Amino acid sequence: MKIVMLGAPGAGKGTQASMIAENFGIPHISTGDIFRANIKNGTELGKEAKAYMDKGELVPDELTVRLLLDRVAQDDCKEGYVLDGFPRTIPQAEVLEKELEKTGDKIDKAVNVDVPDENIVRRMSGRRACLKCGATYHIVHIPPKKEGICDVCGSELVLRDDDKEETVKNRLDVYHKQTSPLIDFYSKRNVLETVDGTKDSKEVFEDIKKILK
Ligand code: ADP
Ligand code: AMP
């Protein structure tokens, strides 16, 4: 099954994608995580992406698409995957669609995690991320077992550079202008499903499971 997660930054796409991946045994692919891993490792790609990410802007399509197509061509993606943070623009969605069409394939479901803007800024300031394995926590709603330490890999958790209030506001603007048109794009292809992302994360996952089964 090939799934796309849609929703504003901080809506809970990553949280849900990682539960979907575990439950359905498919890889969780986050372009944001791939960029952050590159930044951490000091690669050229990381340096290029960081300039955009720090301002809350999108990394150019050309760079992002190449990275994503390479990733989904890997062996572990044969049975499907859950994409988190990709596509983020109509051209990205079109390239993915064309690539899948080459093998008579398509995206099976686009899950839109709906959370109003006013909840987002609050969520982001409490987000803590593991830059090593990509796990995400919230200091109040989804805390790690040991404060500041990742449950999965034991690394230190950080407040992401782009989760500062000013940057979050810009990311929300970018979302409304460039990414939200994807709701209509996938709706026209009859694969869009919307869930209420303001519920507790476990309840949101129960709603998603009903859609995917
Ligand atoms: P996204 O991948 O859409 O940017 P995340 O999954 O990283 O969003 O979630 C953003 C923040 O909100 C994180 O700190 C996460 O732990 C927290 N969070 C996720 N889902 C919920 C929820 N249903 N209720 C409250 N907080 C949540
Ligand atoms: P995320 O981890 O999904 O919140 O992404 C963090 C940042 O990485 C975004 O604000 C963008 O700067 C960049 N990014 C991640 N995915 C994409 C994408 N598909 N297209 C462009 N930029 C992206």
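Since we're looking at a predicted model, the values are computed, not measured. Numbering of residues begins from 1 in every chain and follows the order in which that chain's sequence is written. Here every chain gets a letter starting at A, and every ligand a number starting at 1, in the order they are written. Only residues with pLDDT of at least 70 are given local features in this predicted model, and only at 80 or more are side-chain atom pairs given and counted; all residues enter the totals for whole chains, interfaces and linings. Side-chain metrics rest on all non-hydrogen atoms present in the structure, leaving aside hydrogens and water.

A closer look at the packing of helix 2 (residues 31-40) against helix 3 (residues 44-53)
Put simply, the test is: Axis lines are fitted to C-alpha atoms, over the contacting stretch for helices. Their N-to-C directions set the angle, which ranges from 0 to 180 degrees. Under the scheme used here, helices are H or I runs from DSSP no shorter than 4 residues and strands are E runs no shorter than 2 residues, and both carry numbers assigned from the N terminus. For a crossing to be left-handed, the near helix must be turned anticlockwise from the far one by less than a right angle; the clockwise case is right-handed. Whether two residues are in contact is decided by their heavy atoms: any pair within 4.5 Å suffices. Only Asp, Glu, Lys and Arg are considered charged in this grouping, and only Ala, Val, Leu, Ile, Met, Phe, Trp, Tyr, Cys and Pro are considered nonpolar; every other residue, Gly among them, is considered polar.
Contact geometry of helix 2 with helix 3 gives a least axis separation of 8 Å together with a crossing angle of 115°. The interaxial crossing formed by helix 2 with helix 3 has left-handed handedness. Of the residues in helix 3, those in contact with Gly32, Phe35, Arg36, Asn38 and Ile39 of helix 2 are Leu45, Gly46, Ala49, Lys50 and Met53. Each residue belonging to the contact of helix 2 with helix 3 can be placed in one class, and the counts come to five nonpolar, three polar and two charged.

Considerations on the site of ligand 2
To keep things clear, this is the line we draw: We call a residue near a given molecule or strand whenever any one of its heavy atoms falls within 4 Å of it. Whenever two N or O atoms come within 3.5 Å, that pair is a polar contact, provided that in protein one can donate a hydrogen and the other can accept it, and provided that, for residues adjacent in sequence, both atoms are side-chain atoms. A 1.4 Å probe and the Shrake-Rupley method give the accessible areas. Residues count as covered only by the protein chains that appear here.
Looking at ligand 2, there are 16 residues lining it, with Thr31, Arg36, Glu57, Gly85 and Gln92 nearest. Note that an oxygen atom of ligand 2 is positioned 2.8 Å from one of the side-chain N or O atoms of Arg36. Here Glu57 contributes a backbone N or O atom positioned 2.6 Å from an oxygen atom of ligand 2. In the complex, the protein chains occlude 96% of the 480 Å² of accessible area that ligand 2 would expose alone.

Overview of the side chain of Thr89
As a reminder, the rule being used: For every residue, the accessible area (1.4 Å probe, protein chains only) is compared with the maximum for its type, and the residue is labelled buried under 20%, exposed over 50%, or partly exposed between those bounds.
Structurally, the position occupied by Thr89 is in the loop between strand 3 (81-84) and helix 5 (90-101). For Thr89, a relative accessible area of 6% translates into the label buried. Of note is the side chain of Thr89, whose polar atom sits 3.1 Å from the side chain of Asp61. Setting aside residues no more than four positions away along its own chain, Thr89 makes contact with Leu58, Asp61, Gln178 and Leu182.

As for a negative patch on the surface
Rules: Think of a patch as exposed residues, more than 30% relative accessible area, with no salt bridge, where like charges cluster within 9 Å and nonpolar side chains (Val, Leu, Ile, Met, Phe, Trp, Tyr) cluster within 5 Å. Within this document, salt bridges are pairs made up of a side-chain nitrogen of Lys or Arg and a carboxyl oxygen of Asp or Glu, the two lying within 4 Å of each other. Only four residue types enter the tally: Lys and Arg on the positive side, Asp and Glu on the negative side; His and the chain ends are excluded. One atom stands in for each charge, and that atom is NZ of Lys, CZ of Arg, CG of Asp or CD of Glu.
Taken together, Asp114, Asp196, Asp200 and Glu203 make up a surface patch of like negative charges. Examined against the element boundaries, Asp196 turns out to sit in strand 8 (residues 192-196).

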